[in-house]
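Coordinates in review
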Amino acid sequence: MIKSLKDCTVSGPFRTPPSPFAAVGFSLNYQSGRLGLKVAEADDYADQGTFSFVFRAPQARLVNCVITGWSDCDQPGAITESMMQAACGLMSVHGRSTGAIQPFGLQYVSTVTTALALQGGMAAALGNLRGLAVSDSHISMAAAALLSTSQYIADATSTSSSENLSSADADHFPAPPFISADGIVFELETLNPDPWLRFWTQLDISRTLAGKGWTAFLLRYAKAIAPIPGELTRAVSKLGYADISRLCADAGMAICRVRTLDERMDDEHFKSNWLKGPWVFDCAVPQPGLPLTSASGLLPLSGLTVIESCRRIQGPLAGHLLALLGARVIRIEPPGGDPLRGMPPVSEGCSVRFDALNRLKVIREIDIKSPCGQEEITEMARHADVFLHNWAPGKALELDLDYADLSRVNPALIYAHASGWFTDGGEISSRSPSLPGTDFMVQAYSGVAQKISRTCGIQGGTLFTALDVLGGVIAAQGITAALLNRQLNCAGAKVTSSLLGAAILLCSDDFQNRHDFFDCVPPAQSVLNRVFKTGKGKIAIECLDDDTLLRLMQTLDLSAGDKSELWQRLGRSFLGKTAAEWLVVLQQAAVPAAIVIEDLNDLHGDPRLKPYLEIGSYTRVTSPWRFQ
């Protein structure tokens, strides 16, 4: 935490949040405490249609932060986690790999919304201290959900090509994850085709077939599918986990079994990770008189400069969020540009998936491995406010571009590292697993995959890049907190965040239920949370309590009975009308329901989402924040 932020306060209805925002209230309490903010109860901000809290910082005007379900609180539609997953396309993306559209067992939209809302409050206070008259910050759960799927939306809506998703063969179970002969579910990982080919050829798989598997394996990050040939999954399923692990070691592949939440909580250093939260801050000694930049525009971070040297999703998304808040982001790419610029589909000379996270940035091509390039970056950092990277452990030190190097030329610099695993003072901890710090490895290790599988009845986690996205959000959030601290205390800082920290946020309700670390109550589980087929389309239903379930049964003229039989009877009942017809009926009965978006192109048809979608050569997701 940032101890000097203890004079900043977040006030809101944490003990009795409006029921649709119970997960938001719980997560806001946890995140605020881990940042070092004071948390104060204030019931007068409670309202069923919104969740409001006030952010107070010394010498800044109060910032009223409002969270709604949709773009404003007057728009119709139930506000629950699953309703947002259904209406904004997350369920669709999650269901691609198995063909079963369903909630994925996490308070995901609520967690992302909370992080963005808290970041908005801190950014607005920072803007006040830098000369802007900002008093209100607004965000909606719908905006957060769309932001989470922005790359998938870009891919699906590109005018240069139509999305063509491969369907899974009926002959094999969905993979990854894989399962061994002794019943252990595990993930494989490599970022290079050579270890992949070596591994499978050891199992007498031809290079041609292994190559097809590699192509399918790569689709996890781009398409949230992995239609790996059945011959590969059957071959590995004939071996025990110990034998598979030895073959992985010989081939240079990484392997991680899907661990349970209980195993994660039994880790020796789990409690310290939980109490620390998803960030590590190392703040420099305050230097009164340190020159700080005034705002130069209407957005809170206007006039600030961010240097970003990142690849893939986590780091680039963090830079994108800072750009949406008004910062000038200079993105460093290798000579010739980032290879991901050419990832299909391409529109106007650039991958739409790449453009979705990088379109607002200034591009500088620099060879960071050369002394000349390193000198150029050091000189850029001299005049920057933030330096952000997601390099592999030890690379910053090797390049003479670590915090010690750059803070010498710029004591006011905020140095940020978006990492995969544990962090101690900005460096990867010796306790970190010797595994690649990628989304699916961290899902397997952290318990997130098991939590999803427990809810969805599948073997592992989601191929939607849940941790990469949330990891980018918390990286940007930590940078904003460090910038606020710098404005208040004239001190630079090093801030490190991780995908494992993002996983802690997503499992925080489980951890609190077991350990009761804090004076806050996790949200209760819904009594019904399912997707049903209708006469046309699918509809998601979430009953947060027994009274709502009773209204649903009365609406469908169903009697009480065994739950397994009830689900079957509900399924038969919903076939009698279309999803659109059922939505009207259930809204009148005050039962939370939403039509499930199965094709991301259909997002345009929902007027509640239009404020956050910009149509062009592909559909761009706009800023989730509104400031006044």
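Residues numbered from 1 in each chain as written. Predicted model: local features only at pLDDT ≥ 70, side-chain atom pairs only at ≥ 80, totals over all residues. Heavy atoms only, no water.

So, the overall build of the protein
When helices and strands are tallied, the protein shows 25 helices and 26 strands. By the compact-globule yardstick of 25 Å for 628 residues, the protein fits well, its C-alpha radius of gyration being 24 Å. Here the protein holds 628 residues, and 61% of them are scored as buried. Sequence-distant contacts, at least 24 apart, represent 76% of the contacts inside the protein between residues at least 6 apart. For the protein, the accessible area works out to roughly 23,400 Å², and carbon and sulfur atoms hold 50% of it. Looking at the protein, you have 54 positive and 63 negative side-chain charges, and the mean spots of the two groups are 1 Å apart. (Helix = DSSP H or I, 4+ residues; strand = E, 2+ residues; numbered from the N terminus. Rg over C-alpha atoms; globule rule 2.2 N^0.38 Å. Buried < 20%, exposed > 50% of the residue type's maximum accessible area, 1.4 Å probe, protein only. Contact = heavy atoms within 4.5 Å. Areas by Shrake-Rupley, 256 points an atom, 1.4 Å probe, with all protein chains shown as cover. Lys, Arg positive; Asp, Glu negative; His and termini not counted. Charge placed at Lys NZ, Arg CZ, Asp CG, Glu CD.)

Things to note about the nonpolar core
Soluble, globular proteins show a tendency: their nonpolar side chains are buried together. Core analysis: the largest hydrophobic core is formed by 165 residues, its most contacted members being Phe-55, Tyr-108, Trp-196, Phe-199 and Trp-200. If we ignore the near neighbours within four places in the chain, the residues touching Trp-200 are Phe-178, Leu-188, Ile-205, Ala-210, Leu-232 and Val-236. (Core = buried A, V, L, I, M, F, W, Y, C linked by side-chain atoms within 4.5 Å.)

A few points about the sheet that holds strand 23 (residues 593-595)
Ordered in space as 21-22-23, the 3 strands form an open sheet in which the pairing is antiparallel. Where the open sheet ends on each side, the last strands, each with one partner, are strand 21 (528-533) and strand 23. Neighbour-to-neighbour, the strand axes of this sheet turn through a mean angle of 15°, independent of strand direction. (Pairing = 2+ DSSP bridges. Axes fitted to C-alpha atoms, helices over the stretch in contact; angles between N-to-C directions.)

Considering the packing of helix 1 (residues 22-35) against helix 4 (residues 108-129)
At their nearest, the axes of helix 1 and helix 4 sit 9 Å apart, and the two run at 50° to each other. Taken together, the axes of helix 1 and helix 4 lie oblique to each other. The interaxial crossing formed by helix 1 with helix 4 has right-handed handedness. From helix 1, Ala-23, Val-24, Ser-27, Leu-28, Gln-31, Ser-32 and Leu-35 reach across to helix 4, where they touch Ser-110, Thr-111, Thr-114, Ala-115, Leu-118 and Met-122. (Parallel < 35°, antiparallel > 145°, perpendicular 65-115°, else oblique. Left-handed = near helix turned anticlockwise from the far one by under 90°.)

Some details on the pattern of salt bridges
Proximity of charged atoms lets side chains of opposite charge pair with each other. All chains considered together, the criterion is met by 23 salt bridges. Among the salt bridges present, the one from Arg-246 reaches Asp-243, with a minimum N-O distance of 2.0 Å. Here the residue Arg-246 and the residue Asp-243 both occupy positions in helix 10 (residues 241-251), the gap between them amounting to 3 residues, near one helical turn. With a relative accessible area of 48%, Arg-246 lands in the partly exposed category. (Salt bridge = Lys/Arg side-chain N within 4 Å of Asp/Glu carboxyl O.)

Considering the packing of aromatic side chains
Geometrically, a pair of aromatic rings is defined through the distance of the ring centres and the angle of the planes. Summed over all chains, the structure comprises 24 aromatic pairs. Taking the centre distance of 6.1 Å and the plane angle of 35° together, the rings of Trp-214 and Phe-217 count as tilted. Remark: Phe-217 and Trp-214 occur in helix 8 (residues 207-223); sequence separation between them is 3 residues, near one turn of the helix. One exposure class covers both Trp-214 and Phe-217, and it is buried. In textbook terms, an aromatic cluster arises when at least three aromatic residues are bridged by ring pairs, as seen for Phe-178, Phe-186, Trp-196, Phe-199, Trp-200, Trp-214, Phe-217 and Tyr-241. (Phe/Tyr/Trp six-rings, centres within 6.5 Å; stacked < 30°, edge-to-face > 60°.)

Description of helix 22 (residues 508-515)
When we look at burial in helix 22, the residues that qualify are Ser-508, Asp-509, Asp-510, Phe-511 and Gln-512. Positive phi appears at Asp-516, one or two residues downstream of helix 22, with a value of about 50°.

Things to note about the packing of helix 18 (residues 439-446) against helix 19 (residues 448-456)
The geometry of helix 18 relative to helix 19 is characterised by a closest axis approach of 4 Å and an angle of 75° between their N-to-C directions. Taken together, the axes of helix 18 and helix 19 are roughly perpendicular relative to one another. For the pair helix 18 and helix 19, the contacting residues are Gln-443, Ala-444 and Ser-446 in the first and Val-448, Ala-449 and Ile-452 in the second. For the contact of helix 18 with helix 19, the per-class residue count stands at 4 nonpolar, 2 polar and no charged. (Nonpolar A, V, L, I, M, F, W, Y, C, P; charged D, E, K, R; others polar.)

Some thoughts on the environment of Thr-293
With respect to the helices and strands, Thr-293 occurs in the loop between strand 10 (279-283) and strand 11 (305-309). Considering only alpha carbons, one finds Thr-293 and Pro-20, 273 residues apart in sequence, at a separation of 40 Å. Among residues more than four places away in sequence, those in contact with Thr-293 are Arg-130, Gly-303, Leu-304 and Asp-385.

A closer look at the side chain of Asn-128
Here Asn-128 lies in helix 4. With residues up to four places along the chain from it excluded, the contact list for Asn-128 reads Ala-60, Arg-61, Val-63, Ala-133 and Val-134.

Here we look at the sheet that holds strand 7 (residues 178-179)
If you walk across this open sheet you meet the 3 strands as 7-8-9, and the pairing is antiparallel. If you trace the sheet from one side to the other, it starts and ends with strand 7 and strand 9 (254-257), each paired once. In terms of strand pairing, strand 8 (residues 185-189) meets strand 9 through 4 bridges, oriented antiparallel. Its bridge partner being in strand 9, Leu-188 is matched across the sheet by Ile-255.

Re the confidence of the model for the protein
Predicted confidence across the protein gives a mean pLDDT of 91, with 93% of residues reaching 70 or more. Residue range residues 166-173 is modelled with pLDDT below 50. Its contacts to residues more than four positions away, or to other chains, number 11 contacts. (pLDDT = per-residue confidence, 0-100.)

Regarding the pairing of strand 1 (residues 9-12)
Residues Thr-9 and Ser-11 point to one face of strand 1 and Val-10 and Gly-12 to the other, with burial holding for every one of them. The pairing of strand 1 with strand 4 (residues 50-56) spans 3 bridges and is antiparallel. Within the sheet, the bridge partner assigned to Thr-9 lies in strand 4 and is Arg-56. By the bridge criterion, 4 bridges tie strand 1 to strand 2 (residues 38-41) in an arrangement that is parallel. Within strand 2, the residue paired with Val-10 across the bridge is Val-39.

Brief notes about unusual backbone geometry
Excluding glycine, residues mostly carry a negative phi; peptide bonds, for their part, are mostly trans. In the segment running from Pro-344 into Pro-345, the intervening peptide bond is cis, with an omega of -5°. For Pro-345, the position within the fold is in the loop between strand 12 (328-333) and strand 13 (346-347). At Glu-348, a residue that is not glycine, the phi angle is positive and equals roughly 55°. Among the structural elements, Glu-348 can be located in the loop between strand 13 and strand 14 (350-351). On the basis of relative accessibility, which here comes to 70%, the residue Glu-348 falls in the exposed class.

Regarding helix 13 (residues 314-324)
Note: α-helices contain 3.6 residues per turn, so residues at a spacing of three or four share the same orientation. Of all 11 residues making up helix 13, 11 are buried, and the element is well covered by its neighbours. Residues Gln-314, Gly-315, Pro-316, Leu-317, Ala-318, Gly-319, His-320, Leu-321, Leu-322, Ala-323 and Leu-324 constitute the buried set of helix 13. At the C-terminal side of helix 13, Gly-326 shows a positive phi close to 110°.

Describing the pairing of strand 8
The element strand 8 is largely enclosed, with a buried count of 5 among its 5 residues. Alternating residues of strand 8 divide into Val-185, Glu-187 and Glu-189 and Phe-186 and Leu-188, and every residue in both groups is buried. Pairing of strand 7 with strand 8, which is carried by 2 bridges, proceeds in the antiparallel orientation. Bridged to Ile-179 within strand 8 is Val-185. The antiparallel pairing of strand 7 with strand 8 creates a hairpin that spans 5 residues between the two strands, and Gly-183 there sits at a positive phi of about 85°.

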